[in-house]
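Close look at the chain arrangement
Each chain, letter by letter, is given below.
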Amino acid sequence: MHSYDVIIIGSGLGGLVCGAILSQHGYRVCIYEKNRQAGGCLQTYSREKVIFDSGVHYIGGLAPGENLYKVFKYLGIYDQLKLKRMDMDGFDHISFAGDDKIYKLAQGEENFIRTLLADFPEEEAALRAYCDKISEVCSKFPLYNLRTGDYEEKRSVLQLNTASYLRSITSNEKLQQVLAGNNLLYAGMAEKTPFYVHALVLNSYMKSSWKCVDGGSQIGKLLCRRIRENGGNIIRNMAVTAIQGEGDQVDHIVLQDGTRARATHYISNLHPAQTMAMTHSDTLRSAYRNRVQQLENSVGAFVLNVVLKPGTFRYLNYNHYYHATPDAWAGIDYRAEEWPQTYAMYVSASSRHETYADSLSVMTYMRYAEMGPWQHTIHTVLQPEGRGADYEAFKQQKADLLIDCVEKQFPGFRNCIQSYYVATPLSYRDYIGTGDGSMYGIMKDSADPLRTMISARTKLSNLYLTGQNLNLHGILGVTISGVITSAELLGMDFLVDEINQSISI
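Here the structure is a predicted model, which means the values were calculated and not measured.

A few points about helix α14 (residues 474–490)
- The terminal C-alpha atoms of α14 lie 24 Å apart, and with 17 residues this matches the ideal 24 Å at 1.5 Å per residue to within 8%.
- A large share of α14 lies buried, amounting to 15 of its 17 residues.
- Of the residues one or two after α14, G491 is the one with positive phi, at around 95°.

Quick look at the structure:
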């Protein structure tokens, strides 16, 4: 039986960050990954010599001194990243059907305010209140600011609702909708999304916004290299089928080939519900299992990955968010016959040329229920058979509707398309590993925030969780979750001090 200090289940960003930190401190680490490619949502794939990202379309907080910069610098990967800073005066453009204006969200607090004042000259007080509130809320999350602190700090802001807060600072409905205009970033729901989710996400992009040149998989590859340099193992094409408990601990895991592996500590990067489903232990009471299993996940995504004809579509150094109605929150509650009601366009940054784009991705919402006829099918690199002609026809019909929608804002877009490839909630389920193809895992709820907070600790003393369901999704949120989980073994004060000291050396 293989034996390690730490076994990590799944090589998504959270698992890789844990692997890099712990192997850096002398732990013998082994990561088991069911897919051929490590990285979870960091995975890229290539079609017609063009690279597509599975999930990393832009990153915030990477300027010197900012939070993600500090952690990536500490992990020894920052200096090798190929990054391109997005437009300072508008990293995100927001548009609404029937409104000819393009509203821009800019980098830097004063620049952010000044840019929106051009469209909302009467709203300076509201915009300053908004930025102040974002700063206040973010300051209450110690690890987001790479400091230690008390959980009680954040308790006072957890129940603040995003849509309600925006209504409280201005009666200008258009400004309310613009400030919520990129809520596809967190699958925003007006009645549910906590303001802290909105604040933590927006704040990092307002500070600095970046695209990964030639794809986000470079982050995963660099972390894998660090882990191997530190003596760690990454075993791909090897799913973990069971976590076997004994007493109040995990005794071993069972791999898909029937072999067992043992460690002192175990970290699962899988969805908590999947982790509980494969864990056999009398210590896990049914009430705990049921609570985890019953947590609602965020909606799934339909993504159109487009190979562009050379020299036809200019590179955009910003993202574009479009809403088919004046309500930026409405797109998630689409009626099937009116789909799509919103989309985000992310144009890929390529090292080959800057004037024109090679590829782009268009993302919108899609409910897992729409996958009903094909939910029994599995599609992976190891099981590549298709889901059938009716599924292909469904994807083509939806792609055509989405292209028609994009044409409204970008006339002639269809003529720029050389080819396209579609990802549905089933693609995310089978390749990324969320049970229902959810974009961002567990849905946060301002009405009951503590119920949707997942601890890195489980009821088994040597089994820990990491990944997007712990803290916050996205590159920054998941990286911080990796720090949180690693601190369970290393100590939070020690690890935070070490990250901060590594910058000053």
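The discussion continues.
Side note on the side chain of D251
- Inspection of the secondary structure assignment puts D251 in strand β12 (residues 249–255).
- At 2.8 Å, the side chain of D251 and the side chain of R262 are in polar contact.
- Contact partners of D251, with chain neighbours within four places excluded, come to Q244, G245, E246, R262 and Y266.

As for the sheet that holds strand β8 (residues 103–105)
- Taken in spatial order, the seven strands of this open sheet run β8-β7-β16-β17-β18-β15-β19, and their pairing is mixed. Edge positions in the open sheet fall to β8 and β19 (417–423), since each of these has one partner strand only. Across the sheet, the mean angle separating the axes of adjacent strands is 20° when strand polarity is ignored.
- Examined bridge by bridge, strand β16 (residues 319–323) and strand β17 (residues 342–347) share four bridges and lie antiparallel to one another. Paired with H320 across the bridge in β17 is M345.

Notes on the packing of helix α4 (residues 124–139) against helix α6 (residues 162–169)
- At a closest axis distance of 9 Å, the pairing of α4 and α6 adopts a crossing angle of 140°. Between α4, through A126, A129, Y130 and K133, and α6, the contact on the second element is made entirely by Y165, L166 and I169.
- Residue classes in the contact of α4 with α6 are distributed as six nonpolar, no polar and one charged.

Observations regarding the pairing of strand β1 (residues 2–9)
- The buried count for β1 comes to six of eight residues, which makes it a mostly enclosed element.
- Pairing geometry for β1 and strand β2 (residues 29–32), over four bridges, is parallel. By the bridge assignment, I9 is partnered in β2 with Y32.
- Handedness of the β-α-β unit built from β1, helix α1 (residues 13–24) and β2 comes out right-handed.

Regarding the domain arrangement of the protein
- Domain boundaries assigned for the protein yield domain 1 (4–44 + 61–80 + 214–296 + 446–502) and domain 2 (107–209).
- Once you take the C-alpha centre of each, domain 1 and domain 2 turn out to be 28 Å apart.
- With 24 residues of domain 1 in contact, the opposing surface of domain 2 contributes 24 residues.
- With both sides pooled, the region where domain 1 packs onto domain 2 buries about 2000 Å², and carbon together with sulfur makes up 63% of that total.
- Area buried by domain 1 at its contact with domain 2 is led by S446, M453 and L472, which between them contribute 29% of it.
- Our count for the domain 1 to domain 2 interface comes out at one salt bridge.
- Close ionic contact of K192 with E296 constitutes a salt bridge, the shortest N to O distance being 2.5 Å.
- Those elements giving two or more residues to the side of domain 1 that touches domain 2 turn out to be α2 (67–74), α14 and α15 (492–504).

Topic: helix α8 (residues 195–207)
- With 13 residues, α8 should cover 18 Å at 1.5 Å per step; its first-to-last C-alpha distance of 18 Å lies within 8% of that length.
- Within α8, twelve of the 13 residues are buried, which leaves the element mostly enclosed by the surrounding structure.
- Looking at α8, one finds that the buried residues are F195, Y196, V197, H198, A199, L200, V201, L202, N203, S204, Y205 and M206.

Observations concerning the nonpolar core
- Counting 154 residues, the largest nonpolar core has F72, Y130, I219, F313, M345 and F413 as the members making the most contacts within it.
- Of the residues that make up this core, three or more belong to each of domain 1 (4–44 + 61–80 + 214–296 + 446–502) and domain 2 (107–209).
- Residues contacting Y130, with those up to four places away along its chain left out, are F112, Y165, L166, I169, L179, F195, H198 and L202.
- Grouped together as the second largest cluster of nonpolar side chains are 22 residues, I7, I9, A273 and L460 included.

Focus: the packing of aromatic side chains
- In total, this model carries 16 aromatic pairs according to the counting rule given.
- With centroids separated by 4.7 Å and ring planes inclined at 50°, the aromatic side chains of Y165 and F195 adopt a geometry described as tilted. In this pair, Y165 is assigned in helix α6 and F195 in helix α8, connecting sequence segments 30 residues apart.
- On the accessibility criterion, Y165 (9% relative accessible area) is buried.
- Judged by relative accessible area, F195 falls into the buried class, the value being 0%.
- The interplanar angle of 50° and the centroid separation of 5.1 Å between the aromatic rings of W374 and F394 together place this pair among those described as tilted. Highlighted residues: W374 in the loop between β18 (359–366) and α12 (389–409) and F394 in helix α12, separated in sequence by 20 residues. The residues W374 and F394 share a single accessibility class, namely buried.
- By way of ring pairs, the aromatic residues Y58, F91, Y205, Y321 and Y346 are connected into one cluster.
- R314 extends its terminal NZ or CZ atom over the ring of Y356, reaching a point 5.3 Å from the ring centre.
- For R387, the ring lying beneath its charged end belongs to Y391, and the centroid distance is 5.4 Å.

Cut-offs applied
Residues numbered from 1 in each chain as written. Predicted model: local features only at pLDDT ≥ 70, side-chain atom pairs only at ≥ 80, totals over all residues. Heavy atoms only, no water. Helix = DSSP H or I, 4+ residues; strand = E, 2+ residues; numbered from the N terminus. Expected span 1.5 Å × (residues − 1). Buried < 20%, exposed > 50% of the residue type's maximum accessible area, 1.4 Å probe, protein only. Polar contact = N/O pair within 3.5 Å; in protein donor to acceptor, adjacent residues only side chain to side chain. Contact = heavy atoms within 4.5 Å. Pairing = 2+ DSSP bridges. Axes fitted to C-alpha atoms, helices over the stretch in contact; angles between N-to-C directions. Nonpolar A, V, L, I, M, F, W, Y, C, P; charged D, E, K, R; others polar. Right-handed = clockwise from strand over helix to strand, strands pointing away. Domains from an automatic or database assignment. Buried area = accessible area lost by both parts, 1.4 Å probe. Salt bridge = Lys/Arg side-chain N within 4 Å of Asp/Glu carboxyl O. Core = buried A, V, L, I, M, F, W, Y, C linked by side-chain atoms within 4.5 Å. Phe/Tyr/Trp six-rings, centres within 6.5 Å; stacked < 30°, edge-to-face > 60°. Lys NZ or Arg CZ within 6 Å of the ring centre and 35° of its normal.

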